[in-house]
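An overview of the molecular structure
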Amino acid sequence: MSAESIGRLLAPLNALLNATSATLLFAGFVAIKQRNIEAHRWRMQGAFIASGVFLVSYVARFALTGTHRFPDVGIVRTIYLVILSTHTLLAMAALPLVIVTLRLGRQGRFEAHRKLAKITFPIWAYVSVTGIVVYLMLYHLAPMLAGAAHAP
């Protein structure tokens, strides 16, 4: 199997990992609202693992296939670039926030954990959900738009 083939398989895997992370994040949110601390802990740790595997898979895909440009099709490309930019910037902010938030919870420092989680959760959720949107736009919408732009 070629590097390009492996790279093509990793793109949908990355979307699936983002979806898994988002699902576990929201399930963890529901669990903590129901005061089910154990379920919350497991779901958030699962989201962390899914996000970590995503990061490794993303770097591997990038190393194998490089960058993929969204076609210049007007406002849709602008929307894509705004989503991608905010996703990327917030992903960089999320990583240390997630690590510290999880560490505080594991140390039993729940007041500090709660305060930081109020910041971390929406950023992490946004990054996970927009990761799926970026995948759909780049690998499904962009080819359709590029084809339509070249149609007679």
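Refer to the preceding data block for the structure.
Quick look at the structure, then. (Residues numbered from 1 in each chain as written. Predicted model: local features only at pLDDT ≥ 70, side-chain atom pairs only at ≥ 80, totals over all residues. Heavy atoms only, no water.)

1. Considerations on the nonpolar core
- Core analysis: the largest hydrophobic core is formed by eight residues, namely L25, M44, A47, V98, L102, F121, W124 and A125.
- The dominant element in this core, judged by the number of residues it contributes, is helix α4 (residues 110-150), at three residues.
- Residue contacts for F121: discarding those within four places in its chain leaves L25, F26, F29 and M44.
- If you look at the next biggest cluster of nonpolar residues, it comprises seven residues, including Y80, V134, M137 and L138. (Core = buried A, V, L, I, M, F, W, Y, C linked by side-chain atoms within 4.5 Å. Buried < 20%, exposed > 50% of the residue type's maximum accessible area, 1.4 Å probe, protein only. Helix = DSSP H or I, 4+ residues; strand = E, 2+ residues; numbered from the N terminus. Contact = heavy atoms within 4.5 Å.)

2. Let's talk about the packing of helix α2 (residues 37-65) against helix α3 (residues 75-106)
- Packing of α2 against α3 leaves a shortest axis separation of 12 Å and a crossing angle of 150 degrees. Between α2 and α3, the crossing angle belongs to the class labelled roughly antiparallel. Relative to α3, the crossing made by α2 is left-handed. Across the interface between the two elements, M44, Q45 and F48 from α2 touch V98, I99, L102 and R106 from α3.
- The class makeup of the residues in the contact of α2 with α3 is five nonpolar, one polar and one charged. (Axes fitted to C-alpha atoms, helices over the stretch in contact; angles between N-to-C directions. Parallel < 35°, antiparallel > 145°, perpendicular 65-115°, else oblique. Left-handed = near helix turned anticlockwise from the far one by under 90°. Nonpolar A, V, L, I, M, F, W, Y, C, P; charged D, E, K, R; others polar.)

3. Focus on α3
- With 32 residues, α3 should cover 46 Å at 1.5 Å per step; its first-to-last C-alpha distance of 45 Å lies within 8% of that length.
- Inspection of α3 places R77, Y80, I83, H87, A94, L97, V98, T101, L102, L104 and G105 among the buried residues, and these make up the whole buried set.
- Remark: G108 follows α3 within two positions and exhibits a positive phi of approximately 80 degrees. (Expected span 1.5 Å × (residues − 1).)

4. Considerations on the environment of L81
- For L81, the position within the fold is in helix α3.
- Between the alpha carbons of L81 and V134 there is a distance of 9.1 Å; along the sequence they are 53 residues apart.

5. Description of the packing of aromatic side chains
- Scanning the model with the defined rule gives six aromatic pairs in all.
- Taking the centre distance of 5.1 Å and the plane angle of 15 degrees together, the rings of F29 and F121 count as stacked. Note that F29 is positioned in helix α1 (residues 3-33) and F121 in helix α4, a separation of 92 residues in sequence.
- A relative accessible area of 38% means that F29 is categorised as partly exposed.
- Seen from their ring centres, Y58 and F62 are 6.4 Å apart, and the 20 degrees between their planes marks the pair as stacked. Highlighted residues: Y58 and F62, both in helix α2, separated by four residues, approximately one helical turn.
- These aromatic residues form a ring-pair network of at least three members: F26, F29 and F121. (Phe/Tyr/Trp six-rings, centres within 6.5 Å; stacked < 30°, edge-to-face > 60°.)

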